[in-house]
Amino acid sequence: MTSNIVEIDNLSFGYKGRLLHKGINMAFPRGKVVAIMGGSGSGKTTLLRLIGGQIKPTQGEVRVDGKVVHEQDRDGIFLLRRKMGMLFQHGALFTDLSVFDNVAFPMRELTDLPESMIRDLVLMKLNAVGLRGAHTLMPTELSGGMARRVALARAIALDPCIIMYDEPFAGLDPISMGVICDLIRSLNDALGATSIIVSHDVKETFLIADYVYFVADGVVAAEGTPHDLMQSTLPFVHQFVHGEKDGPVPFHYPAANYQSELLNQQL
Amino acid sequence: MNLKRMIKSNLLTSITRFLSGIGYRMIARVWRLGAGTRLFFLTIVYSGESFRRFHLTLREIYFTGVMSLLIIIVSAFFVGMVLALQGYNTLQKYGSSEAIGVLVALSLVRELGPVVTALLFAGRAGTAITAEIGLMKTTEQLSAMEMMAVNPIARVVAPRFWAGVISMPILAALFSMVGVLGGYLVAVPLIGVDSGAFWSQMQANVDVRDDIVNGVIKSVVFAVACTMIALFEGFDAPPTAEGVSHATTRTVVISSLTVLGLDFVLTSFMMVV
Amino acid sequence: MERTKIDLWVGVFVALGVAALLGLALKVGNLTSNNLGKTYSVSAAFENVGGLKPNAPVKSAGVVVGRVADIKFDSKTYEAIVNINIDQRYVFPKDTFANIYTAGLLGEQYVGLEAGGEDDSLKNGDKITQTQDAVVLEKMISQFLFSKASESESDSEAAGAKPVNKKSSETKSPEAASTELGDTPF
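Since we're looking at a predicted model, the values are computed, not measured. (Residues numbered from 1 in each chain as written. Chains lettered and ligands numbered in written order. Predicted model: local features only at pLDDT ≥ 70, side-chain atom pairs only at ≥ 80, totals over all residues. Heavy atoms only, no water.)

Peer 1: Is there a simple way to think about the overall build of chain A in this case?
Peer 2: Regarding its fold elements, chain A presents ten helices and ten strands. Against the compact-globule benchmark of 18 Å for 267 residues, chain A has a radius of gyration of 20 Å, which places it among compact chains. The C-alpha extent of chain A, read off along each of the three principal axes, is 70 × 40 × 40 Å. A separation threshold of at least 6 residues defines the contact pool for chain A, and within that pool the share at least 24 residues apart is 63%. Of the accessible surface of chain A, which amounts to about 13100 Å², a share of 54% is contributed by carbon and sulfur atoms. Between the mean site of the 24 positive side-chain charges and the mean site of the 29 negative ones, chain A shows a separation of 3 Å. (Helix = DSSP H or I, 4+ residues; strand = E, 2+ residues; numbered from the N terminus. Rg over C-alpha atoms; globule rule 2.2 N^0.38 Å. Contact = heavy atoms within 4.5 Å. Areas by Shrake-Rupley, 256 points an atom, 1.4 Å probe, with all protein chains shown as cover. Lys, Arg positive; Asp, Glu negative; His and termini not counted. Charge placed at Lys NZ, Arg CZ, Asp CG, Glu CD.)

Peer 1: Before we go on, may I ask you to explain the sheet that holds strand S5 (residues 97-102) of chain C in this structure?
Peer 2: Residues and elements named next belong to chain C. As summarised here, the arrangement of the eight strands in space is S7-S1-S4-S3-S2-S6-S5-S8, forming an open sheet in which the pairing is mixed. Every interior strand has two partners, whereas the edge strands, strand S7 (127-128) and strand S8 (130-132), have only one. One ladder, built from four bridges, connects strand S2 (residues 57-60) with strand S3 (residues 63-74); its direction is antiparallel. Paired with Pro57 across the strands is Arg67, a residue of S3. (Pairing = 2+ DSSP bridges.)

Peer 1: Honestly, the interface of chain C and chain B in this entry has me stumped. Any pointers?
Peer 2: Quite often, the size of an interface is put as the accessible area lost when its parts meet. At the interface, 25 residues of chain C touch 26 residues of chain B. Carbon and sulfur atoms make up 78% of the area that chain C and chain B hide from each other, which totals about 2300 Å². Of all residues in chain C, Phe13(C), Leu24(C) and Val28(C) bury the most surface against chain B, accounting for 30% of the area lost on that side. Viewed at the interface, chain B and chain C are joined by zero salt bridges. Between chain C and chain B we count two residue pairs in polar contact (both at pLDDT 80 or more) in total. Sorting elements by how many residues they give to the side of chain C that touches chain B places helix H1 (residues 3-28) of chain C first, with 18 residues. Looking at side-chain class alone, the side of chain C that touches chain B contains 13 nonpolar, eight polar and four charged residues. (Buried area = accessible area lost by both parts, 1.4 Å probe. Salt bridge = Lys/Arg side-chain N within 4 Å of Asp/Glu carboxyl O. Polar contact = N/O pair within 3.5 Å; in protein donor to acceptor, adjacent residues only side chain to side chain. Nonpolar A, V, L, I, M, F, W, Y, C, P; charged D, E, K, R; others polar.)

Peer 1: Where do I start with the packing of aromatic side chains in this structure?
Peer 2: To describe a pair of aromatic rings, you give the distance between the ring centres and the angle between the ring planes. Per the stated rule, a full pass over the model turns up 14 aromatic pairs over all chains. Both rings, one in Phe94(A) and one in Phe105(A), keep their centres 4.5 Å apart while their planes meet at 55°; by these two values the pair is tilted. With Phe94(A) in the loop between strand S6 (84-87) and helix H3 (99-110) and Phe105(A) in helix H3, this pair connects stretches of sequence that are eleven residues apart. Here the two residues Phe94(A) and Phe105(A) agree in accessibility, since each one is buried. Judged by centre distance (5.0 Å) and plane angle (75°), the ring pair of Phe161(B) and Trp162(B) falls under edge-to-face. (Phe/Tyr/Trp six-rings, centres within 6.5 Å; stacked < 30°, edge-to-face > 60°. Buried < 20%, exposed > 50% of the residue type's maximum accessible area, 1.4 Å probe, protein only.)

Peer 1: Would you mind going over the packing of H3(A) against helix H4 (residues 115-128) of chain A with me for this structure?
Peer 2: If you want to describe how two helices pack, look at the angle between their axes and the distance between the axes. Residues and elements named next belong to chain A. At a minimum axis separation of 9 Å, H3 and H4 run at an interaxial angle of 120°. When the axes of H3 and H4 are compared, the pair comes out oblique. When you trace H3 past H4, the crossing you get is right-handed. Residues Val99, Phe100, Val103, Ala104, Met107 and Arg108 of H3 form the contact with H4, whose participating residues are Glu115, Ile118, Arg119, Leu121, Val122, Leu123, Lys125 and Leu126. (Axes fitted to C-alpha atoms, helices over the stretch in contact; angles between N-to-C directions. Parallel < 35°, antiparallel > 145°, perpendicular 65-115°, else oblique. Left-handed = near helix turned anticlockwise from the far one by under 90°.)

Peer 1: Where do I start with the sheet that holds strand S1 (residues 4-15) of chain A in this structure?
Peer 2: Paired through backbone hydrogen bonds, the strands of a sheet run either parallel or antiparallel to each other. Residue and element names in this part refer to chain A. If you walk across this open sheet you meet the four strands as S2-S1-S4-S5, and the pairing is antiparallel. A strand with exactly one partner marks an edge of an open sheet, and here the two such strands are strand S2 (18-29) and strand S5 (67-68). Relative to S5, strand S4 (residues 59-64) runs antiparallel, the two sharing two bridges. Paired with Arg63 across the bridge in S5 is Val68. Strands S1, S2 and S4 of the sheet are contacted by helix H1 (residues 44-51), whose axis makes an angle of about 120° with S1.

Peer 1: Would you mind going over unusual backbone geometry with me for this structure?
Peer 2: Within the chain, Asp159(A) stands out as a residue other than glycine whose phi angle is a positive 45°. Along the chain, Asp159(A) falls in the loop between helix H5 (144-155) and strand S7 (162-166). Residue classification places Asp159(A) among the partly exposed positions, given a relative accessible area of 46%. Not every positive phi belongs to a glycine, and Tyr78(C) is a case in point at roughly 60°. Relative to the elements of secondary structure, Tyr78(C) occurs in the loop between S3 and strand S4 (79-87). You can call Tyr78(C) exposed: its relative accessible area is 59%.

Peer 1: Would you mind going over the pairing of strand S3 (residues 33-37) of chain A with me for this structure?
Peer 2: Residue and element names in this part refer to chain A. Among the five residues in S3, five count as buried, and that is most of the element. In S3, alternate side chains face the same way, and those of Val33, Ala35 and Met37 on one face and Val34 and Ile36 on the other are all buried. Note that S3 and strand S8 (residues 194-199) share five bridges and pair parallel. Opposite Ile36, over in S8, you have Val198 as the bridge partner. Across four bridges, S3 lies against strand S9 (residues 211-216) in parallel orientation.

Peer 1: Looking at this model, I keep getting lost on the pairing of S9(A). Mind explaining?
Peer 2: For a regular strand, side chains alternate in direction, first toward one face of the sheet and then toward the other. Residues and elements named next belong to chain A. The element S9 is largely enclosed, with a buried count of five among its six residues. Sheet topology note: the S9/strand S10 (residues 219-224) ladder contains five bridges and is antiparallel. Along S10, the bridge assignment pairs Val215 with Val220. What sits between S9 and S10 in their antiparallel hairpin is a turn of two residues, with Asp217 showing a positive phi close to 55°.

Peer 1: For this particular structure, what's the right way to read the environment of Ser219(B)?
Peer 2: Residues and elements named next belong to chain B. With respect to the secondary-structure elements, Ser219 resides in helix H9 (residues 208-236). The sequence separation of Ser219 and Ser97 amounts to 122 residues, and the corresponding C-alpha distance is 29 Å. If we ignore the near neighbours within four places in the chain, the residues touching Ser219 are Pro114, Met168, Pro169 and Ala172.

Here's what the structure looks like:
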């Protein structure tokens, strides 16, 4: 048993010949909170989908618990996914089910537990995210932060060893953000799980992460503990961490010469 | 000279563009047909769960079947009444207004029952299915399900498919029956056709196997087509608001055309036999 | 949960559907009149069955007593063999007549049985020997024309009349009713 539960080895992935990732290496040790950071469109979410086996890499491999994900058949992938929980960017709650049924969904689908035990487990999970009192509500009646917490309760319903968070802080007010922050850390430690956070919110991520990977231009541009990265002199990391407007990542999308384009009437 | 060449080359490019546009669209159609067929087979393969946990299917029967009852019954009633009125108008010229029952029953059982039910079903239940699945895809619910190691085809698609296949023949049978009753109401109390002649002529000329069973067969085929189209369009919709709305429109258009085309094919097969 | 409500409504829905199907089969369709109970089968040979189809009614004195099971062509005698299922409640004598009639001028064709006088009755697998063919409209018309023509030509020379006479005797054969007597070899 290796100490890393998820390993990404020389991974390349792309659509139609255009590579999004060009040889990425990452390791996610057990029990740690590891963050993947990078600008929008740098393929962070795609990395999560590669780990979950929803898409196949063009080159290289992803190993989860020692097994190469894209070599598994459907049943094998489903077995691996039972060890994972994933929090989607907008929660992705089932809108036709109540909060209770949403959290109960993985238990009902994947286990043969009696309904009375499911009830207790669901209430325990909802209690952990502080929403036991809201179990009768429908997802449409929840605020964004509450929906995110319900989705978190659903992601940990079956006590996964890997919890993946896709932009857990995006679009939340500061209070909800703090709550989610605390929950990610405390749930990780309570469950003894490994958390993978994909985010571009520097402050919150640095607060809870043990280790951070920076992805830019399809490669790992920098890695290290939050403390190291804060001190980093790498221009890209510096620009990202301090949120500067211009730097190695240019403000402008590549375009033709400004003057000549304005003067030229044809488009 | 130069101008001439320019016109010529412009014409050439526009023709090539036109032709390649047609080719592109054809390929897209064929691709979608293939993808739809694949979804159909996957649905069949993964439909074990929709019977083992039948309440999943039951729930969908409620939404597709029970919720369509009102529109089906009301439409059938009016269709039956109009058939009787129109039929009487023509038949009385030949002095055979008693045959009105046969006319109403045969047109309903053979054609209008299955076809109109399928068209209404596509509009009422089909669009709902497409929009629901399209939105589930847009809001990543299907992705979430997959990441939870739950197969969306087994959990979402198959129960809806079987619900449609079970509901539509029932709706079609109801349509025919209610239509006949509507025709009876117009023919007997309103126009004054003899009640005995109405029913006995009908019974003498409507064959259980040739007419009623064939009607049921038609409605089952239409059910498979309509439900599958609705499911595929939802499943295949681009995950945007625009994508889902286009998919919903396509469901109605493609379902209607498919039903009418299939109706011709099935009818010609049934006539030969 | 509200699952019970859904169950109830789906139950109502399915019950309505079954009721509608039963209604269609019993009230609209011919399931009731098609119901013959136990039957026995007899066959009859016709030179021409016209538009008779399987499942056509077999009537005697206007009452439906059976149905046509199938119609085959006998390549030895060049006749149509019609198998008939008759309800076991009805017994017919051996020398029963089988005719093919038309309901109304242009209606469906059916088999009419006219009882004879013999003591022995028809049993399963028996053959009705006395049959009369379907009336074929074209034949009737041509026969009428030929008889008109022969009437006018009978006054003229016998040489031309001969083939006409032969023809007319041939076309009369269906009119001569029973094939037992009128088995005219063509």
